[in-house]
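Okay, here's what each chain looks like letter by letter:
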Amino acid sequence: MSTINDVSRLAGVSKATVSRVLSGSRGVKEASRVAVLKAAEALNYRPNVIAQSLLSQSTGCIGVICAQENINQTTGYLYALEKHLSQHQKHLLLRFANNKADVMHALEELTCGLCDDVLIIGARFPLNIPHENVILVDCVDGDTAHSIQFDHAFAAETACNYLIKQGRRQIALIVPETSGAVDQVLLGYKHALENNFLPFNRNLIFMDSTTSSVALQVLLNNSTTLNFNALLVADEQEAQRTITQLQAFNKSVPQDIMVFSLAGSLNLPGIPTIPAIEYSMDAMATRIVSWLNGKTKSVLDSYMLRGDLITPDIRRRK
């Protein structure tokens, strides 16, 4: 088994430099850092994490509490975070929570010496956590310092503008209040209609606790009077459900009704490719790692992440 002495000799640097590089400390020349990382990889060297934590008073672990039901988006979060954190010799400790009590229990556990910092992702309920070592990601009350929010208003406005350019001027909107972004989504929706001189029809909007299937049923039952030809939904999971329901009513997608996902794309066998807003998990992870390394409010503060418009043509080119 390789030791720190082996890495030191192969990299041509001191043991102290090897230790600083592997612990993520600053003040190391880039050439030395690269040499150490290459030597450690070549020797398959793994530092003693327990010994490191005792010396540095740091665990090197980042706690992640996932408080959302969208498994596809959760997987994207975790993949990006693990990739970027591992580049800085940090490890991910995962917990899942379905309500505020579960989140607080997990937070208490993770902050009792297990982790240096904690990320809470996708909570759709108020948390009111003033802890300086906690980052809120796409949470309901994430407008405080140390938070990353998705720009839902921009997403809705971008989506509507795209649909209108496709000739879809009767746009229905189904975003349940449990999504945590109803006010921002509605704001972006209204801006797009106003900018394109289109009337606002309240009967096309469903933003209460009604499920998407019930809301779509109401729209379809009144399709002769509402006559909608486009549909905005919260995410790719809702898109999949609504497309299946539309097909059951002999409505073709996108010919009769164009479905648009406001968070995450849909690309499954038997399901039409649809336009969507996609958020860069890599950009989010990079921002988080910058804060973890800098630990200053000016690095993160309250950061708004905008998504990218992904259309069927763009996806085919990829």
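- Labelled according to an unreviewed UniProt entry, the protein appears under the name LacI family transcriptional regulator, originating from Cedecea colo.

## As for the nonpolar core
- Counting residues in hydrophobic clusters, the biggest one holds 71 residues, and the most contacted among them are Leu-81, Leu-173, Tyr-189, Leu-219, Leu-232, Met-284 and Ile-288.
- Contact partners of Tyr-189, with chain neighbours within four places excluded, come to Ala-156, Glu-157, Cys-160, Ile-171, Leu-173, Phe-200, Leu-204, Ile-205 and Leu-232.
- Counting residues in each nonpolar core, the second largest holds 18 residues, with Cys-61, Phe-125, Ile-129 and Leu-136 among its members.

## Some thoughts on the environment of Asn-128
- Mapped onto the elements, Asn-128 comes out in the loop between strand E3 (117-121) and strand E4 (134-137).
- Relative accessible area serves as the criterion here: at 62%, Asn-128 is assigned to the exposed category.
- Separated by twelve residues in sequence, Asn-128 and Val-140 have C-alpha atoms that sit 9.9 Å apart.

## Focus: the environment of Asp-183
- Within the secondary structure, Asp-183 sits in helix H8 (residues 182-195).
- Separated by 30 residues in sequence, Asp-183 and Ala-153 have C-alpha atoms that sit 8.2 Å apart.

## A look at the packing of aromatic side chains
- Taken as a whole and judged by the stated rule, the model has four aromatic pairs.
- Arranged with centres 6.2 Å apart and planes meeting at 75°, the rings of Tyr-189 and Phe-200 form a pair that is edge-to-face. With a gap of eleven residues between them, Tyr-189 in helix H8 and Phe-200 in the loop between H8 and strand E7 (205-206) connect regions that are remote in the sequence.
- Its relative accessible area of 1% is what places Tyr-189 among the buried residues.
- With relative accessibility at 37%, the residue Phe-200 sits in the partly exposed group.
- One aromatic cluster in this structure is built from Tyr-77, Phe-150 and Tyr-279.
- In this arrangement the basic side chain of Lys-190 is found over the ring face of Phe-200, its NZ or CZ atom lying 5.1 Å from the centre.
- Over the ring of Tyr-303 we find Arg-287; its NZ or CZ atom is 4.0 Å from the centre of that ring.

## Points about unusual backbone geometry
- Here the residue pair Val-253 and Pro-254 is connected by a cis peptide bond, since its omega of 10° sits within 30 degrees of zero.
- Here Pro-254 shows up in the loop between helix H11 (236-248) and strand E9 (258-261).
- A positive phi angle, close to 50°, is found at Asp-138, a residue other than glycine.
- Relative to the helices and strands, Asp-138 resides in the loop between E4 and strand E5 (147-150).
- Of note in the backbone geometry, Phe-197 takes a positive phi value of approximately 55° without being a glycine.
- Mapped onto the secondary structure, Phe-197 falls in the loop between H8 and E7.

## Notes on the pairing of E9
- Residues Met-258 and Phe-260 point to one face of E9 and Val-259 and Ser-261 to the other, with burial holding for every one of them.
- Both strand E8 (residues 230-233) and E9 contribute to a ladder of four bridges, which runs parallel. Paired with Val-233 across the two strands is Ser-261, which belongs to E9.
- The parallel pair E8 and E9, bridged by H11, forms a crossover whose chirality is right-handed.

## Section: helix H12 (residues 281-294)
- Taking 1.5 Å per residue, 14 residues should reach 20 Å; H12 reaches 20 Å between its end C-alpha atoms and fits that length.
- Taken as a whole, H12 has its buried residues at Met-281, Met-284, Ala-285, Ile-288, Val-289, Trp-291 and Leu-292. Projected onto a plane normal to the axis of H12, the buried residues spread over an arc of 160° and lie on a single side.
- If you follow the buried residues of H12, they end up packed against strand E1 (61-66), helix H5 (71-86), E3, E4, E5 and strand E11 (302-305).

Criteria and cut-off values
Residues numbered from 1 in each chain as written. Predicted model: local features only at pLDDT ≥ 70, side-chain atom pairs only at ≥ 80, totals over all residues. Heavy atoms only, no water. Core = buried A, V, L, I, M, F, W, Y, C linked by side-chain atoms within 4.5 Å. Buried < 20%, exposed > 50% of the residue type's maximum accessible area, 1.4 Å probe, protein only. Contact = heavy atoms within 4.5 Å. Helix = DSSP H or I, 4+ residues; strand = E, 2+ residues; numbered from the N terminus. Phe/Tyr/Trp six-rings, centres within 6.5 Å; stacked < 30°, edge-to-face > 60°. Lys NZ or Arg CZ within 6 Å of the ring centre and 35° of its normal. Pairing = 2+ DSSP bridges. Right-handed = clockwise from strand over helix to strand, strands pointing away. Expected span 1.5 Å × (residues − 1). Arc of directions from axis to C-beta.

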